[in-house]
2 protein chains.
Amino acid sequence: MIKGVNLGGWLVLEKWMSPQLFAGVAADDEYYLPQDLSETDYQNRIAMHRANFITEADFVRIASMGLDTVRIPVPYFIFGDVQPFIGAIDWLDKAFNWAEAYGLQILIDLHTVPGSQNGFDNGGISGVQNWAQHPDQVAFALSVLHRLAERYGDRSGLYGIEVLNEPATEKMYRNMLDRYPAREPEMTAENAPITFEFLYDFYKTAYEDLRTVLPADKVIMFHDGFDITQWADFFQKNTFENVVLDTHHYLMIAEIETGELTLDSYHKYIEGVGDSIAEVKQFVPVVVGEWTLFNSLATGVDTKGGLNPTQEVFDHEVTVDKDRALKIYQDLWRLQVDQWQRGDGYFFWSYKINIDTINDKDWFGWDSWSLERSVNKGWAEI
Amino acid sequence: MIKGVNLGGWLVLEKWMSPQLFAGVAADDEYYLPQDLSETDYQNRIAMHRANFITEADFVRIASMGLDTVRIPVPYFIFGDVQPFIGAIDWLDKAFNWAEAYGLQILIDLHTVPGSQNGFDNGGISGVQNWAQHPDQVAFALSVLHRLAERYGDRSGLYGIEVLNEPATEKMYRNMLDRYPAREPEMTAENAPITFEFLYDFYKTAYEDLRTVLPADKVIMFHDGFDITQWADFFQKNTFENVVLDTHHYLMIAEIETGELTLDSYHKYIEGVGDSIAEVKQFVPVVVGEWTLFNSLATGVDTKGGLNPTQEVFDHEVTVDKDRALKIYQDLWRLQVDQWQRGDGYFFWSYKINIDTINDKDWFGWDSWSLERSVNKGWAEI
């Protein structure tokens, strides 16, 4: 049973998780940041961000909390071979040494690919999704995975490699188009959803290549493309060694699907997810690789599925009732952990976010995205 | 009884506490950093440092640890009126809002003055000490204190104001000359130790001015100039309301004074300090405003009084015996806290340092300067 946390926002940037990194520029994502900053400004900010956002001290703290594994999102340019982005493999090297020193394991998660697999800001470039249509870029992603496996395959600190984060299939693709407008509309010309047929193929190819390098005790992980019901057949028809299915579940999706902001509706929704996890677990181990405590109920405002203050101005007076929020968070922590244990464990999203909920009231409630803060506030008990 | 921690290295820079901020430049201190960087590089690094090194999340964690007060070192240019330095009053404003939201209090500590009161790197400029010889600069320091009192005097989050950190009197001045060479020797022409006569005068002047603004329930704090035996007469002859004496004690001083690296010698030395605290406490409340767990015994190398890897190359093989280090740290934590409670409490130095003890072996043991890490490693139990 995995008890883990994501180190989101560190080697893959998300503006809402570290707004100060994007101070004074129009960029909403990692793609446009180096276009909007001078070369030295970009270098300074990235160097300072990587050296400060996650450090050795965080690995000490994560281990002291009783967690066993961290999921580290990495970008496709991690090896430093895609201009103008700055490689980050030195930081992943350091993370392996920290993890091994403090008894943690690492799941490397390829979180972005050239042209993007989902058009999210955290997929590298908002509103653009054309990676799967470019065989050369698909091959490039495979080469990054191969190099990661070669570099870390024998490390005791390696739990496994996830070959692709959150490929957006049809339904999520439509959702993405609404939420993430492209800055340059002409770049959307080749946009298309990823099909499950493509995903099945890509995962088999990635698996076959990675297993030539990765020892059998290292996990290879596949994300479910936002539909956990699409995988029972696939894992019955194909034989893999030590593959785990990753599925992501956020309370904001419950809000959109149920149209309600009540504890009851969260319970019904999350228990339904637990049922679907239990079902596919007959054929493959299942880990919930992303989930969180954040929800509109405790925040006191309908965030329309999690739109954040960098995307939407919330024109509201927040009534802070700390005890009520505490109870909601404690309930939703227990609810989710119980359901995820019907599978094979979890990674909370995310360990840290550097927002200021006190001096910028718009961010009230958004600290429930941070496990560090949630534990320190008594909202989460690991 | 104060249970506190310093937020060192945040608004006043110390290279050894955040080496990445000084990456690629010769500067060893805050004075030379803007000379060695372009204007925008300097701005980017400082902005990223301030936004990342200490955040709202740290106030949450500090409160959750059971501490009640933070001591925040501030520079003389905090109001942004000394070029080329960047004012930091906006960050102190944020800190007050964080402290009040999470039930902490703040001791504002004027840590640097123009020309420096001690010639330490953390006094702003290494190897230079001429502030006290310049009446205009003494007046400037008083004006900074006055403005701080006006801005925060009525805040519930204000514990008090310390008028000057670590003025180096004769003995420490000689020590400083050995340890902190000036980058520009011509700047040392007016160097001189601060006399106790000067200090007595300066403190009386500062007190009289600050009390016109600061309510009686806010502390005014005086550092002892590195000699706690010089203050009994002063506090018998003068009447102050709500003044506290600050005294700093480091285990490395015990190492220099006793010439030994044994638990016994630390005990004898620190108990002697406790005696001197108990003595002067008859006349004035006493807080130990700086102390730490770092020591050469647990680190496994004689650091010659705490020379750090940015100052000295330690050419040694460290034998890591975690259990032995754990026992030493736990013993020295208890020893010191017990002695400081013979006075009126303490502020550990410091909450955070951003060094990497795993990937850079030279830093092995230096994480005991961090209360965050010491608590998470079980070395300190508050």
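Calculation criteria
The numbering scheme is per chain: residues are counted from 1 as the chain's sequence reads. Naming scheme: in the order in which they are written, chains are lettered from A and ligands are numbered from 1. Side-chain atom pairs in this predicted model are given and counted only at pLDDT of 80 or more, local residue features only at pLDDT of at least 70, and totals for whole chains, interfaces and linings cover all residues. The side-chain values count all of the structure's non-hydrogen atoms but skip hydrogen atoms and water molecules. UniProt positions are given in the numbering used here, feature names are shortened, and annotations may be inferred rather than shown by experiment. Labels follow the DSSP assignment, with helices taken as runs of H or I lasting at least four residues and strands as runs of E lasting at least two, numbered in each case from the N terminus. Whether two residues are in contact is decided by their heavy atoms: any pair within 4.5 Å suffices. Note on exposure labels: buried denotes an accessible area under 20% of the residue type's maximum, exposed denotes more than 50%, and partly exposed covers the range between, all computed with a 1.4 Å probe on protein chains only. A pair of strands counts as paired when DSSP detects no fewer than two bridges linking them. Orienting the strands away from the viewer, one traces the path from the first strand over the helix to the second; a clockwise path indicates a right-handed crossover. Only C-alpha atoms enter the line fits that serve as axes; for helices the fit covers just the stretch in contact. Angles between N-to-C directions range over 0 to 180 degrees. Each angle is binned into one of four classes, with values under 35 degrees roughly parallel, values over 145 roughly antiparallel, values of 65 to 115 roughly perpendicular, and all other values oblique. Here a crossing is called left-handed whenever its near helix is offset anticlockwise from the far helix by less than a right angle, and right-handed whenever the offset is clockwise. Residue polarity is assigned by list, with Asp, Glu, Lys and Arg as charged and Ala, Val, Leu, Ile, Met, Phe, Trp, Tyr, Cys and Pro as nonpolar; anything else, Gly included, falls into the polar class. The rule is short: rings of Phe, Tyr and Trp, with Trp giving its six-membered ring, pair when the centres are within 6.5 Å, and they are stacked under 30 degrees, edge-to-face over 60, tilted in between. When two parts are brought into contact, each loses some accessible area as probed by a 1.4 Å sphere; the total of that loss over both is the buried area. Any carboxyl oxygen of Asp or Glu within 4 Å of a side-chain nitrogen of Lys or Arg constitutes a salt bridge here. To estimate how far a helix should reach, multiply one less than its number of residues by 1.5 Å. When the copies are superposed, the least-squares fit draws on C-alpha atoms of residues that have pLDDT of at least 70 in both.

Taking an unreviewed UniProt entry as the reference, chain A is identified by name as Exo-1,3-beta-glucanase D belonging to Weissella soli. Its UniProt record gives chain A the following Sequence similarities (unreviewed entry) comment, quoted word for word: "Belongs to the glycosyl hydrolase 5 (cellulase A) family." Recorded under Subcellular location (unreviewed entry), the UniProt text for chain A is reproduced unchanged: "Cell membrane".

Student: Provide a residue-level description of the side chain of Asn130(A), including the pertinent values.
Tutor: The topology assignment puts Asn130(A) in the loop between strand 3 (105-110) and helix 5 (135-152). Each residue touching Asn130(A), except ones within four places of it in the same chain, is listed here: Gly115(A), Ser116(A), Met187(A), Glu190(A) and Asn191(A).

Student: Please set out the pairing of strand 5 (residues 219-223) of chain B residue by residue, giving values where relevant.
Tutor: Residue and element names in this part refer to chain B. The buried fraction of strand 5 amounts to 5 of the 5 residues, a majority that puts the element mostly inside the structure. Neither face of strand 5 is left uncovered, since the one carrying Val-219, Met-221 and His-223 and the one carrying Ile-220 and Phe-222 both have all their residues buried. Taken together, the 3 bridges between strand 4 (residues 158-162) and strand 5 define a ladder with parallel strand orientation. Bridge pairing in strand 5 links Ile-161 to Ile-220. In the sheet, strand 5 pairs with strand 6 (residues 243-248) via 4 bridges, with the strands oriented parallel. Each residue of the ladder has a partner; that of His-223, found in strand 6, is Asp-246. You can see the chain leave strand 5, run along helix 8 (residues 232-237) and come back into strand 6, and the turn it takes is right-handed.

Student: Give a detailed account of the packing of helix 2 (residues 39-53) of chain A against helix 2 (residues 39-53) of chain B, specifying residues and quantitative values.
Tutor: Contact geometry of helix 2 of chain A with helix 2 of chain B gives a least axis separation of 9 Å together with a crossing angle of 25°. Relative to helix 2 of chain B, the element helix 2 of chain A is oriented roughly parallel. Of the two elements, helix 2 of chain A crosses helix 2 of chain B, and the hand of that crossing is right-handed. Mapping the contact onto sequence places Thr40(A), Asp41(A), Asn44(A), Arg45(A), Met48(A), His49(A), Asn52(A) and Phe53(A) in helix 2 of chain A and Thr40(B), Asp41(B), Asn44(B), Arg45(B), Met48(B), His49(B), Asn52(B) and Phe53(B) in helix 2 of chain B. When grouped by side-chain class, the residues that make up the contact of helix 2 of chain A with helix 2 of chain B number 4 nonpolar, 8 polar and 4 charged.

Student: Explain the packing of aromatic side chains to me, using residue names and the numbers behind them.
Tutor: The description of two aromatic rings rests on the distance between their centres and on the angle between their planes. For the structure shown, the criterion picks out 88 aromatic pairs over all chains. For the ring pair Phe120(A) and Tyr180(A), a centre distance of 5.7 Å and an interplane angle of 45° mean the geometry is tilted. Taken as a pair, Phe120(A) in the loop between strand 3 and helix 5 and Tyr180(A) in the loop between helix 6 (170-179) and helix 7 (196-211) lie far apart in primary sequence, 60 residues in all. By relative accessible area, Tyr180(A) is classed as buried at 16%. Judged by centre distance (5.2 Å) and plane angle (45°), the ring pair of Trp291(B) and Trp333(B) falls under tilted. A residue pair is termed long-range when its members are at least 10 positions apart, and Trp291(B) in the loop between strand 7 (286-290) and helix 11 (296-299) and Trp333(B) in helix 12 (residues 322-340) qualify at 42 residues. The exposure classification of Trp291(B) matches that of Trp333(B), with both residues buried. Members of the aromatic cluster, each reached through a chain of ring pairs, are Trp131(A), Phe196(A), Phe198(A), Tyr200(A), Phe202(A), Tyr203(A), Tyr207(A), Phe222(A), Trp231(A), Phe234(A), Phe235(A) and Phe240(A).

Student: Could you give an account of the interface of chain A and chain B, naming the residues involved and the relevant values?
Tutor: Taken together, the 35 residues of chain A in the interface contact 35 residues of chain B. Overall, the association of chain A and chain B removes approximately 3,000 Å² of surface from exposure, summing both partners, and the carbon and sulfur fraction of that is 50%. The largest per-residue losses of area from chain A upon contact with chain B belong to Met48(A), Asn52(A) and Ile358(A), which jointly make up 19% of the total buried on that side. Taken together, chain A and chain B are joined by 2 salt bridges.

Student: Let's hear about the environment of Ala47(A): which residues, and what values?
Tutor: Structurally, Ala47(A) is set in helix 2. Through-space distance from the C-alpha of Ala47(A) to that of Ala26(A) is 20 Å; in sequence the pair is 21 residues apart.

Student: Any chance you could break down helix 5 (residues 135-152) of chain B for me, citing the residues and the numbers?
Tutor: Look at helix 5 of chain B: 26 Å from first C-alpha to last across 18 residues, which is about the 26 Å you get at 1.5 Å a residue. Residues of helix 5 of chain B that are buried: Val138(B), Phe140(B), Ala141(B), Leu142(B), Val144(B), Leu145(B), Leu148(B), Ala149(B) and Tyr152(B).

Student: Can you break down the relation of the copies chain A and chain B residue by residue, with the values?
Tutor: Of the two same-sequence chains, chain A is brought onto chain B (RMSD 0.0 Å, axial shift 0.0 Å) by a rotation of 180°. Such a turn and shift between the copies fits a two-fold axis. Interface overlap between copies is the fraction of interface residues in one copy that are interface residues in the other; for chain A against chain B it reaches 100%, indicating a shared surface.

Student: Talk me through unusual backbone geometry; I want residue IDs and the actual numbers.
Tutor: For the bond from Gln83(A) to Pro84(A), the omega torsion is 0°, close enough to zero to count as cis. As for its position among the elements, Pro84(A) is in the loop between strand 2 (69-74) and helix 4 (89-102). A positive phi angle, near 55°, is found at Asn242(B), a position not held by glycine. As for its position among the elements, Asn242(B) is in the loop between helix 8 and strand 6. Given a relative accessible area of 29%, Asn242(B) falls into the partly exposed group. One non-glycine residue, Lys304(B), lies in positive phi territory at about 50°. Along the chain, the position of Lys304(B) falls in the loop between helix 11 and helix 12.

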